[in-house]
Amino acid sequence: MSGDPGSGHVRHTPVLVEAVVRVMMTGQSGLFIDGTVGTGGHSAALLESGPAGMSLLGIDRDPAALDEARTRLAPYGDRVTLVQGDFAEVERIAGGRECRGILLDLGISSLQIADRRRGFSYLEDGPLDMAMGPGGRSVADLLGTAGEAEIARVIREYGEERGSRRIAAEIVRERRRGPIERTGRLREAVERVSHPARIIPTLARVFQALRIWANRELEALQAFLPQALRLCVPGGRIAIISYHSLEDRMVKQFFRGESQGCQCPPDFPRCICGRTPTLRLLTRRPLTPDAAEKDSNPRARSARLRAAERM
Ligand SMILES: C[S@@+](CC[C@H](N)C(=O)[O-])C[C@H]1O[C@@H](n2cnc3c(N)ncnc32)[C@H](O)[C@@H]1O
């Protein structure tokens, strides 16, 4: 990405780095998987603090992010393998190998937001794309074909935006004048039906919702969780940083469900469900950045880290 006119030299500051290292590293060697390697910030911290024999498999949907990670992680030589792909297919990508730790840092990186040609930012005009990697559908394409009720649902559920119906109706009105293919036109449509004093948070919620929809982000996380469990050796750690309450709830419920043993009613004389816990929770409540980190890195403000150990 260096020298790129869209992104410039943007550096992504990884969130909750010390906490990630603390919950993931047990001093044991083996394979670690970073399912959202991005520009390699968390991966570098893990490699730096881990034993010399540890290796790392870094996955990202975005070829541009992988280029950054390749440069940043070059000092670790053949201990690092980088693969372009979706963490929803992590078992296939790991190719039958087990791992000692697996990390997700969800969402998008500063690098992606800063490149106006990718359409993630409502601050600059660009093509209304928002695809994290090759093969997905663009937001322009989805907004051109989806029904008004579907657009409203997406904005309400994924953006937690109360004005979802009004905004969806305006988007549908706007597309009658021609396909909405620029972020600027989407922004203007949202602005026309939103309160000017709250326009920035409203735009942030709408753009986030459309990004989650186009990239099927919740579906990917849902597919990932049981695979992460199967991939980890006993004592292996799963750590996930989320930035959205739907993602955090999904992780919390999965970890909680897998950390419970017998779920037979209390009046049963003996267990018939046969369930044994497969995970031990390492974080009863999510870990969040302190005030200093939130001040210095706005992306950190909504971050929540949950971690669990394979039993
Ligand atoms: C917040 S950034 C990660 C930043 C990284 N931890 C670092 O320190 O640079 C999230 C990354 O996850 C990638 N990503 C999001 N969903 C993905 C998926 N389903 N599969 C693979 N990569 C994904 C994005 O392309 C982005 O590069």
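Cut-off values and rules
Residues numbered from 1 in each chain as written. Predicted model: local features only at pLDDT ≥ 70, side-chain atom pairs only at ≥ 80, totals over all residues. Heavy atoms only, no water. Domains from an automatic or database assignment. Buried area = accessible area lost by both parts, 1.4 Å probe. Salt bridge = Lys/Arg side-chain N within 4 Å of Asp/Glu carboxyl O. Helix = DSSP H or I, 4+ residues; strand = E, 2+ residues; numbered from the N terminus. Contact = heavy atoms within 4.5 Å. Near = heavy atom within 4 Å. Polar contact = N/O pair within 3.5 Å; in protein donor to acceptor, adjacent residues only side chain to side chain. Areas by Shrake-Rupley, 256 points an atom, 1.4 Å probe, with all protein chains shown as cover. Nonpolar A, V, L, I, M, F, W, Y, C, P; charged D, E, K, R; others polar. Buried < 20%, exposed > 50% of the residue type's maximum accessible area, 1.4 Å probe, protein only. Disulfide = S-S within 2.5 Å. Phe/Tyr/Trp six-rings, centres within 6.5 Å; stacked < 30°, edge-to-face > 60°. Core = buried A, V, L, I, M, F, W, Y, C linked by side-chain atoms within 4.5 Å. Axes fitted to C-alpha atoms, helices over the stretch in contact; angles between N-to-C directions. Parallel < 35°, antiparallel > 145°, perpendicular 65-115°, else oblique. Left-handed = near helix turned anticlockwise from the far one by under 90°.

In this section: the domain arrangement of the chain. Assigned domains within the chain: domain 1 (17–111 + 217–310) and domain 2 (137–214). Here domain 1 and domain 2 have C-alpha centroids that lie 31 Å from each other. Between domain 1 and domain 2, the buried area comes to about 670 Å², and carbon and sulfur atoms account for 47% of it. For the interface between domain 1 and domain 2, the tally reads one salt bridge.

Among the secondary structure elements, Leu-47 is positioned in helix H2 (residues 41–49). Along the sequence, Leu-47 and Arg-275 sit 228 residues apart, while their C-alpha atoms lie 36 Å from each other. Leave out the neighbours within four places in its chain, and Leu-47 touches Met-54, Leu-56, Leu-73, Tyr-76, Arg-79 and Val-80.

The ligand sits among 26 residues. The nearest are Thr-39, His-42, Asp-60, Asp-105 and Gln-112. His-42 places a side-chain nitrogen or oxygen 2.8 Å from a nitrogen atom of the ligand. The backbone of Phe-87 places a nitrogen or oxygen atom 2.9 Å from a nitrogen atom of the ligand. Its free accessible area being 610 Å², the ligand has 99% of it covered by the protein chains. Taken together, the residues of the shell around the ligand sort by class into eight nonpolar, twelve polar and six charged.

Our next topic: the pattern of salt bridges. Enumeration according to the criterion identifies 24 salt bridges in this entry. Between Asp-86 and Arg-61 there is a salt bridge; the shortest N-O distance is 3.0 Å. With Asp-86 in the loop between strand S3 (80–84) and helix H4 (90–94) and Arg-61 in the loop between strand S2 (55–60) and helix H3 (63–72), the pair connects residues that are 25 residues apart, well separated along the chain. As far as burial versus exposure is concerned, Asp-86 and Arg-61 are alike and both buried. The partner of Arg-192 in a salt bridge is Glu-170, and the shortest N-O contact between them spans 2.8 Å. Of the two residues, Arg-192 is situated in helix H9 (residues 183–192) and Glu-170 in helix H8 (residues 164–175); the sequence distance between them amounts to 22 residues.

By definition, a disulfide links the sulfur atoms of two cysteines through a covalent bond. For the structure on display, the rule yields zero disulfides. Note on Cys-232: no disulfide assigned, nearest cysteine sulfur contributed by Cys-99 at a separation of 4.1 Å. Here Cys-271 is not cross-linked by a disulfide; its sulfur's nearest cysteine counterpart is in Cys-262, at 3.8 Å. On the accessibility criterion, Cys-271 (36% relative accessible area) is partly exposed.

This next bit is on the packing of aromatic side chains. If you walk through the whole model with that rule in mind, you get three aromatic pairs. On the basis of an interplanar angle of 75 degrees and a centroid distance of 5.5 Å, the ring pair of Phe-87 and Phe-224 is categorised as edge-to-face. With Phe-87 in the loop between S3 and H4 and Phe-224 in helix H11 (residues 217–231), this pair connects stretches of sequence that are 137 residues apart. Side by side, Phe-87 and Phe-224 carry an identical accessibility label, which is buried.

Residue placement: Ser-194 occurs in the loop between H9 and helix H10 (199–214). The buried category is assigned to Ser-194, whose relative accessible area is 11%. In this structure the side chain of Ser-194 is engaged in a polar contact, spanning 2.7 Å, whose partner is the backbone oxygen of Val-190.

One recurring pattern in soluble globular proteins: nonpolar side chains tend to sit buried together. If you look at the biggest cluster of nonpolar residues, it comprises 64 residues, and the most contacted ones within it are Ile-33, Ile-102, Phe-224 and Ile-240. Counting residues per element, this core draws most heavily on H10, which supplies nine residues. Shared between two domains, this core takes at least three residues from each, and those domains are domain 1 (17–111 + 217–310) and domain 2 (137–214). Leu-16, Met-24, Val-37 and Ala-69 belong to the second-largest nonpolar core, a separate cluster that totals 29 residues.

What follows concerns the packing of helix H1 (residues 17–24) against H2. Between H1 and H2, the least distance of the axes is 10 Å, while the angle of their chain directions is 50 degrees. It follows from the interaxial angle that H1 and H2 lie oblique. In the crossing of H1 with H2, the sense of the turn from one axis to the other is right-handed. Listed contacts from H2 to Val-17, Val-20, Val-21 and Met-24 of H1 are His-42, Ala-45, Leu-46 and Ser-49. In terms of residue class, the contact of H1 with H2 is built from six nonpolar, two polar and no charged.

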